[in-house]
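# Summary of the model geometry
The chain contents come next:
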Amino acid sequence: MKIGDTFPFPSPDREAVRIAKMRRGQLEAAAASPSVNGYTSQARVIVAGLAANAERAADPVEQAKLHLRRRGWNVFSGTVLGYRDGTYVVGTRLYTKAELLALAERQGWKRT
């Protein structure tokens, strides 16, 4: 097992799942409220973060980066080191988006 690998938990407690679903519904209802109190403001921030995470998870480049990280590669944006935008550092090499996707496919990643 490597860092970043996922594994299934034993069957969850049905009551805990029901409570989590209820809380998620309450959070979404609070975010949709026109109120401006602290709870609804925080709910909007949380819901926006969840939407951003879902959008990011649908991006093929992010999926490829996650696949490579799960295989033990160090992957980060090249702009952190001052390279041009759209480049990625994998291990010690610099890759463009197309090269990053090709590397991930060679490592067993399949586009979804």
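Each chain has its residues counted from 1, following the order in which its sequence is written. It should be noted that, the model being predicted, local features are given only for residues of pLDDT at least 70 and side-chain atom pairs only at 80 or more, the latter also being counted only at that level, while totals for whole chains, interfaces and linings use all residues. Only hydrogens and water are removed before side-chain values are computed, so all heavy atoms of the structure are retained for them.

### What to know about the side chain of T40
A run of H or I in DSSP becomes a helix once it reaches four residues, and a run of E becomes a strand once it reaches two; helices and strands are each numbered from the N terminus. In this fold, T40 is placed in helix 2 (residues 38-57). For this analysis, a polar contact is any N or O atom pair within 3.5 Å, provided that within protein one partner can donate a hydrogen and the other can accept it, and provided that sequence-adjacent residues contribute only side-chain to side-chain pairs. Engagement of the side chain of T40 in a polar contact is seen with the backbone oxygen of S35, the distance being 3.1 Å.

### Here's the deal with the pairing of strand 2 (residues 87-90)
What you see with strand 2 is no split at all: T87 and V89 on one side and Y88 and V90 on the other are buried throughout. In this structure, strand 1 (residues 75-77) lies alongside strand 2, joined through three bridges in antiparallel fashion. Along strand 2, the bridge assignment pairs S77 with Y88. Each pair of strands is called paired provided DSSP finds at least two bridges between the two strands. Bridging between strand 2 and strand 3 (residues 93-96) involves four bridges; their strand directions are antiparallel. Bridge pairing in strand 3 links T87 to T96. Buried residues are those whose accessible area, probed at 1.4 Å on protein chains only, stays under 20% of the maximum for their type, while exposed residues exceed 50% and partly exposed ones sit between those limits.

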